[in-house]
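Structure assessment
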There are 2 protein chains.
Amino acid sequence: MRIAIDAMGGDAGPAVAVHGAAAAVQACPGLEVDLFGPGDQLSNELENLPRHLAAAGSHLSVHHAPGLIRQNQRPSDALRRGGETSMALMLAHVANRNAAAGVSAGNTGALMALARRALGTVADIPRPAICTAIPTRSDGRCYLLDLGANVDVTAGRLVDFARMGEVMARHVDGLAAPRVALLNVGSEGTKGSEAVRQADALLRAMGSLNYIGFIEGDGIFAGSADVVVCDGFVGNAVLKASEGLARMLIERVQLTFESHWSSRLVGMLARPALRRLKNELDPVRYNGASLLGLDGIVIKSHGSADATGFSYAVSRAVQEVRRGLPARLAVELDARCGSTQQEQW
Amino acid sequence: MRIAIDAMGGDAGPAVAVHGAAAAVQACPGLEVDLFGPGDQLSNELENLPRHLAAAGSHLSVHHAPGLIRQNQRPSDALRRGGETSMALMLAHVANRNAAAGVSAGNTGALMALARRALGTVADIPRPAICTAIPTRSDGRCYLLDLGANVDVTAGRLVDFARMGEVMARHVDGLAAPRVALLNVGSEGTKGSEAVRQADALLRAMGSLNYIGFIEGDGIFAGSADVVVCDGFVGNAVLKASEGLARMLIERVQLTFESHWSSRLVGMLARPALRRLKNELDPVRYNGASLLGLDGIVIKSHGSADATGFSYAVSRAVQEVRRGLPARLAVELDARCGSTQQEQW
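Just so it is clear, the structure is predicted and the values come from calculations on it, not from any experiment. (Residues numbered from 1 in each chain as written. Chains lettered and ligands numbered in written order. Predicted model: local features only at pLDDT ≥ 70, side-chain atom pairs only at ≥ 80, totals over all residues. Heavy atoms only, no water.)

The subject of this paragraph is the nonpolar core. Of all hydrophobic cores here, the largest spans 166 residues; its most connected members are Ile220(A) and Ile220(B). Setting aside residues no more than four positions away along its own chain, Ile220(B) makes contact with Ala241(A), Ile134(B), Thr136(B), Cys142(B), Leu144(B), Leu183(B), Ile215(B), Val228(B) and Val238(B). Counting 31 residues, the second-largest nonpolar core is a separate cluster that includes Ala7(A), Ala24(A), Phe310(A) and Ala313(A). (Core = buried A, V, L, I, M, F, W, Y, C linked by side-chain atoms within 4.5 Å. Buried < 20%, exposed > 50% of the residue type's maximum accessible area, 1.4 Å probe, protein only. Contact = heavy atoms within 4.5 Å.)

Here it is in structure tokens:
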């Protein structure tokens with residue numbers, strides 16, 4: 001299996017992507033990686049791989065891409081002028097079937113726009129959704145989508161998200177009948193925005209999903225559902241707020257222990273455990289997010305992910321390739337078109 | 001000062017409200033409390049006050065209210081049939097100026113509807129917003145609103161929330177120029193929903209607020225703003241998700257310590273600290289939320305608050321009475337009407 005990587009997207013330069021790719025290769029025998037970015041820079045990174053990653057070097061190839069998508073570049077501008085950038089050339093490589101999937105830690109809006117143009121979408125999905133697995137109580141997880149690609153969505157789009165998240169949880173995680181829920185401000189049917197109430201009616205009428213109705217924000221982390229669906233504005237606010245809260249909380253726990261003389265030592269002992277916890281609770285930085293609905297596999301790694309986080313994003317891509325995600329989505333979402341008429345909403 | 005309390009709203013029965021009211025009286029000399037609920041039941045609670053609260057008993061009076069608003073009762077039903085309930089009689093007491101403020105741990109939708117009818121709103125605010133202070137890094141706090149009373153809002157309503165939150169932070173917390181921000185999915189002006197982008201333009205045009213632009217979800221907890229404004233759907237999702245995450249995280253920290261033999265003892269030592277942290281991070285349960293925009297003061301205590309949480313909600317009411325919040329809102333929001341024409345949005 002071959003994965004294409006935009007090595008220039010991360011905040012900390014290409015070393016993170018190159019080391020992360022090498023770590024993924026070591027974890028996944030048979031994986032080959034094509035790295036996109038300025039040839040000299042990437043070759044240099046490859047020659048200077050840390051000793052514990054050096055063995056993976058022969059499975060990483062450099063593909064020269066002179067240009068760069070900037071973090072603040074507008075999607076429209078990326079579409080016009082992104083041609084020779086590491087992101088666009090990586091996506092072209094996937095589109096040309098030279099690689100089974102692509103990974104980038106770059107500008108999300110640009111990645112979304114360039115990926116949609118290069119790969120297209122399945123089953124008339126107008127625009128992919130961003131989706132990641134959120135950690136829940138009792139070591140569970142739950143897919144949350146959309147995380148910011150689609151704001152002001154219609155009920156029909158929310159139904160699309162539900163279908164796509166369900167296919168993901170069923171095929172990639174192997175759940176027999178994933179519990180799908182709509183995020184709302186209350187669990188009663190009379191509450192919530194217009195779009196959410198209409199989506200609820202549509203999902204009930206469909207009958208083909210294990211749709212469990214509305215849940216509130218605390219239900220995400222309680223593990224009440226396997227797929228939680230919401231507008232991209234809401235999902236993004238929830239995800240980012242959760243990252244901020246987790247960071248603050250871990251900091252406070254650390255301070256609480258360190259301020260107490262008898263526990264200062266334990267604070268030090270506990271620091272690695274707390275760091276691990278913080279990483280787990282920072283799902284995008286840790287695991288990457290899928291651009292769901294593309295006719296191809298593209299994983300967005302967090303811009304500030306470290307090499308471990310980046311390697312998890314690559315592993316996520318490998319997993320989706322193995323499960324043939326886009327083909328599954330195409331088949332199952334096409335089936336949907338006959339049975340419901342979402343576009344009327 | 002006299003505060004009216006609906007003693008029947010909480011999940012655990014009237015003991016929490018009665019004990020919470022007694023604790024607030026002890027913390028705040030000169031405070032008198034009128035308790036609403038079934039006379040026999042409340043008198044019984046008063047006679048059996050725990051020893052450490054007994055001295056406060058003489059400042060608590062019982063007002064008989066035979067009926068009860070149920071947790072799942074619809075607002076429209078509460079309006080039709082709420083007459084003799086503890087919630088409605090408590091609010092009538094405030095409306096008749098027999099008390100300076102009201103507190104309830106009952107059904108939020110019913111409280112909102114009954115309070116709006118009993119007290120009206122200031123300065124043509126069509127519907128109050130729910131607002132609470134969120135803890136932020138470095139022991140700061142930030143008002144987040146709306147938390148669920150208003151979904152599918154227009155730009156003009158978001159501007160109202162910004163004004164109201166700013167008045168709250170300035171007059172109740174004494175900040176000279178509270179930093180006001182709009183929650184969005186990105187910090188660039190081109191991102192976000194239609195309403196949020198329009199509200200951004202309106203707030204920039206106003207010039208009278210210390211408006212700092214967009215922030216993302218993690219900015220809430222980072223302490224980047226003193227007032228964060230969003231649609232009630234988004235605010236509710238963020239708040240509830242944060243509660244759920246804080247609960248999960250504290251649980252995991254506890255488990256992390258307890259699973260490690262050398263830290264089991266410290267886990268026990270740390271438990272009270274963690275519990276305190278959990279309470280602080282559960283702002284509504286801990287501090288209550290204000291129904292902002294009413295021509296009167298009503299505080300919603302969390303349904304599952306304990307007596308300490310309920311007493312904080314009462315203290316919040318006392319604080320808002322002392323600062324004359326509704327009169328401040330009326331003056332400052334009325335001034336707004338001349339200067340901008342939000343309703344065109």
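The next point concerns the sheet that holds strand E6 (residues 140-145) of chain B. One key point about sheets: their strands pair by backbone hydrogen bonds, in either a parallel or an antiparallel sense. Residues and elements named next belong to chain B. The strand order across the open sheet formed by eleven strands is E3-E2-E1-E4-E11-E10-E5-E6-E9-E7-E8, and the pairing between neighbours is mixed. In this open sheet, the two edge strands, each paired with only one partner strand, are strand E3 (60-64) and strand E8 (210-215). Averaged over all pairs of adjacent strands, the angle between their axes in this sheet comes to 25°, without regard to strand direction. One ladder, built from three bridges, connects strand E5 (residues 129-136) with strand E10 (residues 289-292); its direction is antiparallel. Counted as the bridge partner of Ala129 is Leu292 from E10. In the packing of helix H5 (residues 108-119) onto the sheet, contacts are made with strand E4 (101-104), E5, E10 and strand E11 (298-300), and the angle to E11 comes to roughly 180°. Helix H7 (residues 194-206) contacts strand E7 (179-183) and E8 of the sheet and is inclined by roughly 160° relative to E8. (Pairing = 2+ DSSP bridges. Helix = DSSP H or I, 4+ residues; strand = E, 2+ residues; numbered from the N terminus. Axes fitted to C-alpha atoms, helices over the stretch in contact; angles between N-to-C directions.)

Before going further, it helps to examine the environment of Ser104(A). Residues and elements named next belong to chain A. Within the fold, Ser104 resides in strand E4 (residues 101-104). Setting aside residues no more than four positions away along its own chain, Ser104 makes contact with Asp6, Met87, Met90, Leu111, Ile299, Lys300 and Ser301. Within polar-contact distance, the side chain of Ser104 engages the side chain of Asp6 at 2.8 Å. (Polar contact = N/O pair within 3.5 Å; in protein donor to acceptor, adjacent residues only side chain to side chain.)

Residue and element names in this part refer to chain B. Relative to the assigned elements, Asp6 resides in strand E1 (residues 2-6). A relative accessible area of 2% places Asp6 in the buried class. Each C-alpha atom, one on Asp6 and one on Leu35, is 6.2 Å from the other, the two residues being 29 residues apart in sequence. Contacts of Asp6, omitting those with residues within four sequence positions, involve Phe36, Ser86, Met87, Met90, Val103, Ser104 and Phe310. Polar side-chain contacts of Asp6 include one of 2.7 Å to the side chain of Ser86.

Quick look at the sheet that holds strand E11 (residues 298-300) of chain A now. All names here are of chain A. Overall, mixed pairing links the eleven strands, which are arranged E3-E2-E1-E4-E11-E10-E5-E6-E9-E7-E8 in an open sheet. Since the sheet does not close on itself, it has two edges, and those belong to strand E3 (60-64) and strand E8 (210-215), each with one partner. Going from strand to strand, the sheet's axes swing by 25° on average, the running direction of each strand aside. Where helix H4 (residues 86-95) meets the sheet, it contacts strand E1 (2-6), strand E2 (32-37), E3, E4 and E11, and its direction lies at approximately 165° from that of E1. Against the sheet, helix H5 (residues 108-119) makes contact with E4, strand E5 (129-136), strand E10 (289-292) and E11, and its axis sits at roughly 180° relative to E11, the strand it touches most.

The next point concerns the pairing of E10(B). Side-chain direction in a regular strand flips from residue to residue, so the side chains alternate between the two faces of the sheet. Residue and element names in this part refer to chain B. The side-chain alternation of E10 yields two buried faces, one formed by Ala289 and Leu291 and the other by Ser290 and Leu292. Across two bridges, the pairing between E10 and E11 is antiparallel. Along E11, the bridge assignment pairs Ser290 with Ile299. Taking the residues between adjacent antiparallel strands as the criterion, E10 and E11 are bridged by five residues, where Gly293 takes a positive phi near 115°.

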